[in-house]
Amino acid sequence: MSEDKNSVFKKTADKLSSRQIFSVMMWIEAGGLLFALVAIGFSGIELPIPGDSPFLSVVWGVCGALFSFTAVVILTRSPTSFGCTLRGHCAQLTQLFSGISTTQIILLSIVAGICEEIFFRGFLQVWLSQLSSPLIGLLGASLIFAFLHWASFTYFLLTFVVGLVLGVAYQQTGSLLGVIIWHAVYDLLALMVLSKYPRMLGLEFPLDK
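Analysis parameters
Throughout this document, residue positions are counted from 1 along each chain, in the order its sequence is written. Per-residue local features of the predicted model are confined to residues with pLDDT of at least 70, and side-chain atom pairs are confined, for both listing and counting, to 80 or more; whole-chain, interface and lining totals are unaffected and use all residues. Calculated side-chain values reflect all of the structure's heavy atoms, with hydrogen atoms and water omitted. For helices the rule is a DSSP run of H or I covering at least 4 residues; for strands it is a run of E covering at least 2, with both sets numbered from the N terminus onward. Whether a residue is buried, partly exposed or exposed follows from its accessible area with a 1.4 Å probe, protein chains only, as a fraction of its type maximum: under 20%, in between, or over 50%, in that order. By definition, residues are in contact when any of their heavy atoms lie within 4.5 Å. Axes here refer to lines fitted to C-alpha atoms; in helices the fit is confined to the stretch in contact. Angles between the N-to-C directions go from 0 to 180 degrees. If you view the pair so one helix is near and one far, a crossing is left-handed when the near helix is turned anticlockwise from the far one by less than a right angle, and right-handed when it is turned clockwise. For this classification, the nonpolar set comprises Ala, Val, Leu, Ile, Met, Phe, Trp, Tyr, Cys and Pro, the charged set comprises Asp, Glu, Lys and Arg, and every other residue, Gly included, is treated as polar. Each nonpolar core is a collection of buried residues, namely Ala, Val, Leu, Ile, Met, Phe, Trp, Tyr and Cys, held together in the definition by side-chain atoms within 4.5 Å.

Points about the environment of Gly61
For step 1, the next point in the chain: Structurally, Gly61 is set in helix H3 (residues 54–77).
For step 2, the next point in the chain: Given a relative accessible area of 0%, Gly61 falls into the buried group.
For step 3, the next point in the chain: As for Gly61 and Ala169, which are separated by 108 residues in sequence, their C-alpha atoms are 9.2 Å apart.
For step 4, the next point in the chain: Residues within four places of Gly61 in sequence aside, it is in contact with Gly178, Ile181 and Trp182.

Examining the packing of H3 against helix H8 (residues 176–196)
For any two helices packed against each other, one specifies the inter-axial angle together with the distance between the axes.
For step 1, the next point in the chain: Put simply, H3 and H8 touch, their axes get as near as 7 Å, and they point 35° apart. With respect to the hand of their crossing, H3 and H8 are arranged in right-handed fashion. In this structure, H3 uses Pro54, Ser57, Val58, Trp60, Gly61, Val62, Gly64, Ala65, Leu66, Ser68, Phe69 and Val72 to contact H8, whose residues at the interface are Leu177, Gly178, Val179, Ile181, Trp182, Val185, Tyr186, Leu189, Ala190 and Val193.
For step 2, the next point in the chain: Here the contact of H3 with H8 is composed, by residue class, of 17 nonpolar, five polar and no charged.

Quick look at the nonpolar core
For step 1, the next point in the chain: Among the nonpolar cores identified, the biggest contains 34 residues, and Phe123, Leu124 and Leu201 are the most heavily contacted of them.
For step 2, the next point in the chain: Elements represented by at least two residues in this core include exactly helix H2 (18–43), H3, helix H4 (81–97), helix H5 (102–131), helix H6 (134–147), helix H7 (153–173) and H8.
For step 3, the next point in the chain: Tallying contributions element by element places H8 first for this core, with eight residues.
For step 4, the next point in the chain: By size, the runner-up hydrophobic cluster in this structure holds seven residues, among which are Phe97, Ile100, Ile105 and Leu191.

Below is the structure:
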């Protein structure tokens, strides 16, 4: 990341309070959830939120989050161009979320897990599958998930793979609860590390150098 680009991002982040960042993200998630619920209502799609076994859904959701988060940390710390790009994104996100509280992190993680999984897996993947095939539904929802999280082509590839993994888990288990738990716990770990323990990601300080 160039010094100029990092400096501009830092100045922008400094202008936004943690409350403003929190509010904006909550409104975005709420908008996505509202759109998904309206679309689900019109399409008649059923949401199997708990699945066959709520307890097992929670267990594999937490395990999946721990495994995927560990894999992403290893990739981010790797001495590769892929890892270098991810560390650049993490440096920006660390500046953005450095002032956010633990309570805000927990709330954001829960809301993101619920809202995004209801939209991408509960509605979009199922809807596209009904229009075409389960494979097209999986790929289509994962691609849109990745595009809406675009930060660079590297980050696009990473989020596309994450979307695929979540989509396959939902296809195989039929449990929306499981992927909601997976997504929420992953976001909780990621935001906690970004805001409180960024050195775990291999970042060097000061970040604006």
